[in-house]
Amino acid sequence: MEKCKRCLLRESAEADVYEDIKSRIEKLSESDRTDERTYNSRIEICKACEHLISGICMKCGCYVEFRAAFKMKHSYKDDDVA
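Computed from a predicted model, the values in this text were never measured in an experiment.

**Q** Break down the side chain of Thr-34 for me, with residues and values.
**A** In this structure, Thr-34 sits in the loop between helix H1 (15-27) and helix H2 (36-47). Not counting residues up to four positions away in its chain, the partners in contact with Thr-34 are Tyr-39, Arg-42, Ala-68, Ala-69, Phe-70 and Lys-71.

Shown next as structure tokens:
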């Protein structure tokens, strides 16, 4: 199967991995988890990035849907967002 470019786990054939990531996000404490608006903004940034392949950032190796959920972590391009 060819890897999809610029897609998230929830959009790829990796549904089982996405469900695991989603479950882990739901278990994050409120103090660790970012708000929905910030999360969605980060996801959109990652979706537009050339380094995203099948839900994984090829720059750092993270699952972008998981990393975007943390308050203290952000995408490489977050600094570009006002």
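Anyway, onward from the coordinates.
**Q** I'd like a description of the packing of aromatic side chains, backed by residues and values.
**A** Using the criterion set out here, one finds 1 aromatic pair in the structure. Taking 5.1 Å as the distance between ring centres and 90° as the angle between the ring planes, the aromatic pair formed by Phe-66 and Phe-70 counts as edge-to-face. Owing to a relative accessible area of 24%, Phe-66 belongs among the partly exposed residues under this scheme.

**Q** Outline H2, listing residues and values.
**A** The terminal C-alpha atoms of H2, which comprises 12 residues, lie 16 Å apart, in line with the 16 Å expected from a rise of 1.5 Å per residue. What H2 keeps buried is the set Tyr-39, Arg-42, Ile-43, Ile-45 and Cys-46. All buried residues of H2 lie within an arc of 160° about the axis, which places them on one face of the element. Among the exposed residues of H2, those pointing more than 90 degrees away from its buried face are Glu-36 and Arg-37. The N-capping residue of H2, defined by a side-chain oxygen 3.2 Å from the backbone nitrogen of Arg-37, is Asp-35.

**Q** Tell me about the state of the cysteines, and name the residues and values.
**A** Overall, the coordinates contain 0 disulfides when judged by the stated rule. Of all cysteine sulfurs in the structure, the one in Cys-60 sits closest to Cys-57, which takes part in no disulfide; the separation is 3.8 Å. Here Cys-57 falls in the buried class, since its relative accessible area comes to 8%.

**Q** So, the environment of Ser-29: which residues are in play, and what are the values?
**A** You can see Ser-29 is positioned in the loop between H1 and H2. In this structure, the C-alpha to C-alpha distance between Ser-29 and Phe-70, residues 41 residues apart in sequence, is 9.7 Å.

**Q** Can you lay out the nonpolar core for me, pointing to particular residues and giving the numbers?
**A** Ranked by internal contacts, the top residues of the largest apolar core, which has 16 residues, are Leu-8, Ile-25, Tyr-39, Ile-43, Val-64 and Ala-69. Within the residue set of this core, elements represented by two or more residues are H1 and H2.

Procedures and definitions
Residues numbered from 1 in each chain as written. Predicted model: local features only at pLDDT ≥ 70, side-chain atom pairs only at ≥ 80, totals over all residues. Heavy atoms only, no water. Helix = DSSP H or I, 4+ residues; strand = E, 2+ residues; numbered from the N terminus. Contact = heavy atoms within 4.5 Å. Phe/Tyr/Trp six-rings, centres within 6.5 Å; stacked < 30°, edge-to-face > 60°. Buried < 20%, exposed > 50% of the residue type's maximum accessible area, 1.4 Å probe, protein only. Expected span 1.5 Å × (residues − 1). Arc of directions from axis to C-beta. Polar contact = N/O pair within 3.5 Å; in protein donor to acceptor, adjacent residues only side chain to side chain. Disulfide = S-S within 2.5 Å. Core = buried A, V, L, I, M, F, W, Y, C linked by side-chain atoms within 4.5 Å.

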